[in-house]
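Coordinate inspection notes
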Amino acid sequence: MKDNLIANKTFDFSLMIIKLFIELKKENEFIVSKQLLRCGTSIGTNVE
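Structure report, in brief.

Calculation criteria
Residues numbered from 1 in each chain as written. Predicted model: local features only at pLDDT ≥ 70, side-chain atom pairs only at ≥ 80, totals over all residues. Heavy atoms only, no water. Helix = DSSP H or I, 4+ residues; strand = E, 2+ residues; numbered from the N terminus. Buried < 20%, exposed > 50% of the residue type's maximum accessible area, 1.4 Å probe, protein only. Contact = heavy atoms within 4.5 Å. Expected span 1.5 Å × (residues − 1).

**Comments concerning the side chain of Ser 14**
With respect to the secondary-structure elements, Ser 14 resides in helix 1 (residues 5-26). Of the residues examined, Ser 14 reaches a relative accessible area of 11% and is grouped as buried. Those residues within four positions of Ser 14 in sequence are excluded, and the remaining contacts are Gly 40 and Thr 41.

As structure tokens, then:
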């Protein structure tokens, strides 16, 4: 299977969102962080 540039970029983006989610959660920003996690990681699902 060939490398899919868009899939790789969306995967990397999702990892960055997860790291940001963890940092926001430490700051007690639960509502914003949960929404960001849902929106940021759904991009990979839409690409599939």
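**Concerning helix 2 (residues 30-47)**
With 18 residues, helix 2 should cover 26 Å at 1.5 Å per step; its first-to-last C-alpha distance of 27 Å lies within 8% of that length. Of the residues making up helix 2, those classed as buried are Ser 33, Gly 40 and Gly 44. If you follow the buried residues of helix 2, they end up packed against helix 1.

**Describing the environment of Asn 8**
With respect to the secondary-structure elements, Asn 8 resides in helix 1. When its relative accessible area of 38% is taken as the criterion, Asn 8 is described as partly exposed. The spatial distance from the C-alpha of Asn 8 to the C-alpha of Gly 44 is 9.2 Å, given a sequence separation of 36 residues.

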